[in-house]
Amino acid sequence: MFVEAAVALFELERTNNANYPFTPATSQELMDREAICALWSRGLRVFGAHDGDQLVGATVIGQRGGHAETEFTSVLAGHRGRGIGAAVKAASVIACAQSGARVCGTGGAAVNDASLGVNRALGYEITERWYSCQPPQGLAAE
Ligand SMILES: CC(C)(COP(=O)(O)OP(=O)(O)OC[C@H]1O[C@@H](n2cnc3c(N)ncnc32)[C@H](O)[C@@H]1OP(=O)(O)O)[C@@H](O)C(=O)NCCC(=O)NCCS
């Protein structure tokens, strides 16, 4: 069961990796099978949505005491816009709340309208913003 879940998540992430935004502040490294298996051994929790036998969406969340933090969420392109991302993330937040979480955190790149939409739908509030700065052209250190 566990191995099946890990393989399914590996396939989902392999398919979706190119769809994550890559900015100076945000990146989603493609995980190999060992890294995917390590999600479970690190104590993270994985919540998924299936269409028949296929895992079509998943979210990964960790919890320390009263604080839960989402690692990532992804839904296969052909299944987006149907509430699956919000549903799996909501399930993860509810489960962590049942385990004592009182503060839930998540990220969301400003360029990622879909991610921000999921967060907004679940009631997340933006409490901090990260800015990426670079020197004007021509002033970069050699
Ligand atoms: C982000 C992602 C998981 C969203 O999944 P999804 O199943 O399509 O999202 P949902 O259908 O549950 O949408 C939830 C809300 O976000 C909104 N939303 C979804 N996609 C949107 C988009 N492209 N632009 C604006 N809003 C969007 C929906 O309208 C909905 O809001 P509503 O409840 O007010 O109508 C999906 O786009 C994805 O896998 N992207 C690639 C990976 C990624 O970037 N993950 C997030 C970073 S960890």
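Model, not experiment: these values are computed from the prediction.

**Q** Lay out the overall build of the protein chain with the relevant residues and their values.
**A** Within the protein chain one finds four helices and four strands. Starting at the N terminus and ending at the C terminus, the protein chain contains elements arranged as α-α-β-β-β-α-β-α. Summarising its shape, the C-alpha atoms of the protein chain cover approximately 55 × 30 × 30 Å along the three principal directions. In the protein chain, which comprises 142 residues, the proportion classed as buried is 31%. A sequence separation of at least 24 residues applies to 55% of the contacts in the protein chain between residues at least 6 apart. Total accessible area computed for the protein chain in this model is approximately 9,300 Å², and 52% of it derives from carbon and sulfur atoms. Taken together, the 11 basic and 14 acidic charged side chains of the protein chain have centroids lying 6 Å from each other.

**Q** Quick one: what's the story with the packing of aromatic side chains, residue by residue and with numbers?
**A** Per the stated rule, a full pass over the model turns up zero aromatic pairs. One Lys or Arg, Lys89, reaches over the ring of Tyr124 and ends 5.2 Å from the middle of that ring.

**Q** How would you summarise the pattern of salt bridges if you had to cite specific residues and measurements?
**A** Summed over all chains, the structure comprises two salt bridges. Of the charged contacts, one joins Arg14 and Glu11 as a salt bridge, the two residues approaching to 2.8 Å between their closest N and O atoms. Of this pair, Arg14 and Glu11 are both found in helix 1 (residues 2-16), three residues apart, which corresponds to roughly one turn of the helix.

**Q** Account for the nonpolar core, with residues named and values stated.
**A** Formed by 19 residues in total, the largest nonpolar core has its most connected members in Leu9, Leu12, Ile36, Leu39, Val60 and Phe72. Among the secondary structure elements, those contributing two or more residues to this core are helix 1, helix 2 (33-41), strand 2 (54-64), strand 3 (67-75) and helix 3 (84-98). Beyond its immediate chain neighbours, meaning those up to four positions away, Phe72 contacts Glu13, Tyr20, Gln28, Met31, Leu39, Ala58, Thr59 and Val60.

**Q** Can you break down a nonpolar patch on the surface residue by residue, with the values?
**A** A cluster of nonpolar side chains, namely Phe2, Val3 and Val7, defines an oily patch on the protein surface of about 250 Å² accessible area. Along the polypeptide, Phe2 turns up in helix 1. Given a relative accessible area of 38%, Phe2 falls into the partly exposed group.

**Q** Could you give an account of the environment of Trp130, with specific residues and numbers?
**A** Turning to its location among the elements, Trp130 is positioned in the segment after helix 4 (113-122). On the basis of relative accessible area, Trp130 is assigned to the exposed category, the value being 63%. The sequence separation of Trp130 and Ala25 amounts to 105 residues, and the corresponding C-alpha distance is 7.5 Å.

**Q** Could you give me a rundown of the layout of surface pockets, with the residues and numbers involved?
**A** If you add up the space inside the second largest pocket, you get close to 260 Å³. Taken together, the elements giving at least two residues each to the lining of the second largest pocket come down to helix 1, strand 1 (45-51) and strand 2. Residue classes in the lining of the second largest pocket are distributed as nine nonpolar, two polar and two charged.

Cut-off values and rules
Residues numbered from 1 in each chain as written. Predicted model: local features only at pLDDT ≥ 70, side-chain atom pairs only at ≥ 80, totals over all residues. Heavy atoms only, no water. Helix = DSSP H or I, 4+ residues; strand = E, 2+ residues; numbered from the N terminus. Buried < 20%, exposed > 50% of the residue type's maximum accessible area, 1.4 Å probe, protein only. Contact = heavy atoms within 4.5 Å. Areas by Shrake-Rupley, 256 points an atom, 1.4 Å probe, with all protein chains shown as cover. Lys, Arg positive; Asp, Glu negative; His and termini not counted. Charge placed at Lys NZ, Arg CZ, Asp CG, Glu CD. Phe/Tyr/Trp six-rings, centres within 6.5 Å; stacked < 30°, edge-to-face > 60°. Lys NZ or Arg CZ within 6 Å of the ring centre and 35° of its normal. Salt bridge = Lys/Arg side-chain N within 4 Å of Asp/Glu carboxyl O. Core = buried A, V, L, I, M, F, W, Y, C linked by side-chain atoms within 4.5 Å. Patch = residues over 30% accessible without salt bridge, like charges linked within 9 Å, V, L, I, M, F, W, Y side chains within 5 Å. 1 Å grid on protein atoms, 1.4 Å probe; cavity = no way out; pocket = protein on both sides within 12 Å on 5 of 7 lines; lining within 4 Å. Points joined across faces, edges and corners; volume = space filled by probe spheres on them. Nonpolar A, V, L, I, M, F, W, Y, C, P; charged D, E, K, R; others polar.

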